[in-house]
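Topology and contacts: notes
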Amino acid sequence: MCGIIGVTARDRDVVPLVLEGLVRLEYRGYDSVGVAVNAGGSIIVRKGAGKIADVRVRVGLDRLSGSTAIGHTRWATHGPPTDGNAHPHIDCDGMVAVVHNGVIRNYASLREELSGRHRLRSETDTELIAHLIEEGLRRGLDPLEALARALARLEGSYALAILVAGEPDRIYFARMRSPLILGLGEGVNAVASDIPALLHITRRVVTLDDGEFGWISPDDVAVYKLGPGGSYTRVPQAEVASRLKTVEWSVEKASKGGYPHFMIKEIYEQPQALTDTYNGLLDDPNLGRAAGLVASAERLYVVGAGTSYHAGLVFSYYAARVSGVPPIPLIASEFKVYENSVGAGDVVVAVSQSGETYDTLEAVRSYKERGARVVGVTNVVGSALDRESHVTIYIRAGPEIGVAATKTFTSQIMALQLLALAAAAATGRMDPGEARAEARGLSRASSVIADAIRDSEPVAKLLATRERGWRSLYILGRGLGYPIAREGALKVKEIAYLHAEAYPAGESKHGPIALVEDGFPVFLVATSDSPEIAGNALEMAARGARVMVVKPRDMSLELPQAPNIAVLEVPGGGILMEPYALTPFFQLLAYYKAVQSGYDPDKPRNLAKTVTVE
Ligand code: F6R
């Protein structure tokens, strides 16, 4: 999740406007920054790794000037955060400059094809787009045509802003599955990833749709719809005008995309994050390498802390089912338990959003010293875990600002499901075609989670406002439902400061049920592998508990009508979709409970986003 901006104005230096926009976009990524200015016959680029405040001084961004410029703030997805990988990226002759947010899925095959004909300067997918446009221009196509042909070659997601030398008043743009809006002012027009980046320029915005591309000049805008094979048609000006909206938000509210807190914004970002995870990984050669390691493991460990441990439990569940290599799940700080039995031939899958968690890194280092190979699963390119791992799988969820992990949990699950399926093909337990088809089916996760958020939110909100007397609650699950229950309980504890205990539902009658009395809240996470959970719901209800079963709509569950048993139905779609269907309810319950109690969900007490101590 990077941030992009482009501004073009009549007789005015736009670089300060671009820099101000980049400051407001920095929450979307802070690995590197860069700006390109169209100087007519040529393009000037300045960029570097680091935060905007530092790069600004180091490479002299403020000394640039010009009336048409683009800028970028990066969240690394291909290649580490270095000066060379910073955007904008240019073609061989420096005539095209591109900034990009998104992930090009067919990166590996495009890179192989283009590396024979072009001088590639970076490890990014973005640079390839500049070279594709260059090829069109060399064939004599005009820039719009060259852009359309280039877009037709791309698979995955992109929001692009592009400068072409010789077109000093134009910024070309394109959108596919990554956010992009136009800002229309008086003698100044702009394009950006989101509204906050534009509010100092104009409040009049047009949201673009997937498959749209075109150009802006200081006084004009043209939008086209991409068709098959690079064909296109113009979107009528009246239709573009009908989408024009005036934004009323304050800048402060806008930096959270209109949401009151980052946590709720990030819960709502899950459909996009899952799309980015899926697009980034489906054809990523690292996934195949990691699957090869997993498939060949003598013993397989999966290690993580907090939410990442829960994602590891979900992985254990799928890997044991499909790949025939059942992992040993391990809480990172407990790594010493197995330390002495680790040896060469073993593999550790280490899961960490930040890639910097002390306990996880200690576990990785200890097992590595004993000969184990490491597959890192992280959101942060260039993090310590990335550097320690033999193979890294990036989840590409974009920066998570709220302390509670939300979108990174579901993106970790997506990455780990893909790993389990690829490992199943590698061990021969699944036919490769079948494994690939299952993996392709994961593209549905994005719409499943969007529907789950829609179905869960009113109930979570209602419970949070109505049930003010709760002091303690259980969340029970069986099979796949148990790690989801654990993650739900963690969210409720850390954000709402309410005691929530997750338990395997079957085990709950061996002790925890003693606490249950009239009105005690018990949630049950029903997953299609465990219809027996109905019996556990009944045991709790019979002791007076207020039972709420959260279940996939397509799962049949025999539950009696009783005043103390409620059912929340969320989308179905099978066992691979159920983490996406069942998780949002608990994220939202924790969020609304915190807000209703007057707590700040973005900065829960005593917690830090990254725990770098023992
Ligand atoms: C929970 C949460 C923490 C982290 C844990 C591991 O919402 O955020 O429990 O999951 O500190 O962090 P990473 O994934 O960065 O290793």
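What counts, and at which threshold
Residues numbered from 1 in each chain as written. Predicted model: local features only at pLDDT ≥ 70, side-chain atom pairs only at ≥ 80, totals over all residues. Heavy atoms only, no water. Near = heavy atom within 4 Å. Polar contact = N/O pair within 3.5 Å; in protein donor to acceptor, adjacent residues only side chain to side chain. Helix = DSSP H or I, 4+ residues; strand = E, 2+ residues; numbered from the N terminus. Nonpolar A, V, L, I, M, F, W, Y, C, P; charged D, E, K, R; others polar. Domains from an automatic or database assignment. Axes fitted to C-alpha atoms, helices over the stretch in contact; angles between N-to-C directions. Parallel < 35°, antiparallel > 145°, perpendicular 65-115°, else oblique. Left-handed = near helix turned anticlockwise from the far one by under 90°. Contact = heavy atoms within 4.5 Å. Pairing = 2+ DSSP bridges. Buried area = accessible area lost by both parts, 1.4 Å probe. Salt bridge = Lys/Arg side-chain N within 4 Å of Asp/Glu carboxyl O.

Okay, the site of the ligand next. Looking at the ligand, there are 14 residues lining it, with Ser 308, Ser 352, Ser 354, Thr 357 and Glu 494 nearest. A distance of 2.5 Å separates an oxygen atom of the ligand from a polar side-chain atom of Thr 357. One of the backbone N or O atoms of Val 403 is found 3.3 Å from an oxygen atom in the ligand. Broken down by secondary-structure element, the contributors of at least two residues to the shell around the ligand are helix H11 (306-322) and helix H18 (481-496). The residue inventory of the shell around the ligand, partitioned by class, reads 5 nonpolar, 7 polar and 2 charged. Here the shell around the ligand spans two domains, since at least three of its residues come from each of domain 2 (266-444) and domain 3 (447-596).

To continue, consider the packing of H11 against helix H15 (residues 407-427). At their nearest, the axes of H11 and H15 sit 9 Å apart, and the two run at 25 degrees to each other. It follows that H11 is roughly parallel to H15 by the angle criterion. By crossing handedness, the relation of H11 to H15 is classed as right-handed. Counted together, Thr 307, Ser 308, His 310, Ala 311, Gly 312, Val 314, Phe 315, Tyr 318, Ala 319 and Val 322 of H11 and Phe 409, Gln 412, Ile 413, Leu 416, Gln 417, Leu 419, Ala 420, Leu 421 and Ala 424 of H15 form the full contact between these two elements. The residue makeup of the contact of H11 with H15, split by class, is 13 nonpolar, 6 polar and no charged.

What follows is about the sheet that holds strand E16 (residues 300-304). Think of a sheet as strands paired side by side through backbone hydrogen bonds, with each pair either parallel or antiparallel. In spatial order, the strands read E17-E16-E18-E19-E20; together these 5 strands make up an open sheet with parallel pairing. Since the sheet does not close on itself, it has two edges, and those belong to strand E17 (328-331) and strand E20 (391-394), each with one partner. Averaged over all pairs of adjacent strands, the angle between strand axes in this sheet comes to 20 degrees, irrespective of strand direction. In the packing of H15 onto the sheet, the strands contacted are strand E18 (347-352), strand E19 (373-378) and E20, and the crossing angle to E18 comes to about 160 degrees.

This part is about the domain arrangement of the chain. How big an interface is tends to be expressed through the accessible area that disappears when the partners come together. Taken domain by domain, the chain holds domain 1 (3-255), domain 2 (266-444) and domain 3 (447-596). Computed from C-alpha coordinates alone, the two centres of domain 2 and domain 3 are separated by 26 Å. Counting from both sides, the interface comprises 26 residues of domain 2 and, opposite them, 26 residues of domain 3. In total, about 2400 Å² of surface goes out of reach between domain 2 and domain 3, with carbon and sulfur atoms giving 66% of it. At the surface where domain 2 touches domain 3, the tally comes to 0 salt bridges. At the boundary of domain 2 and domain 3, one finds 14 residue pairs in polar contact (both at pLDDT 80 or more). Elements with a contribution of two residues or more to the side of domain 2 that touches domain 3: helix H8 (262-268), helix H9 (270-281), H11, H15 and helix H16 (432-441).

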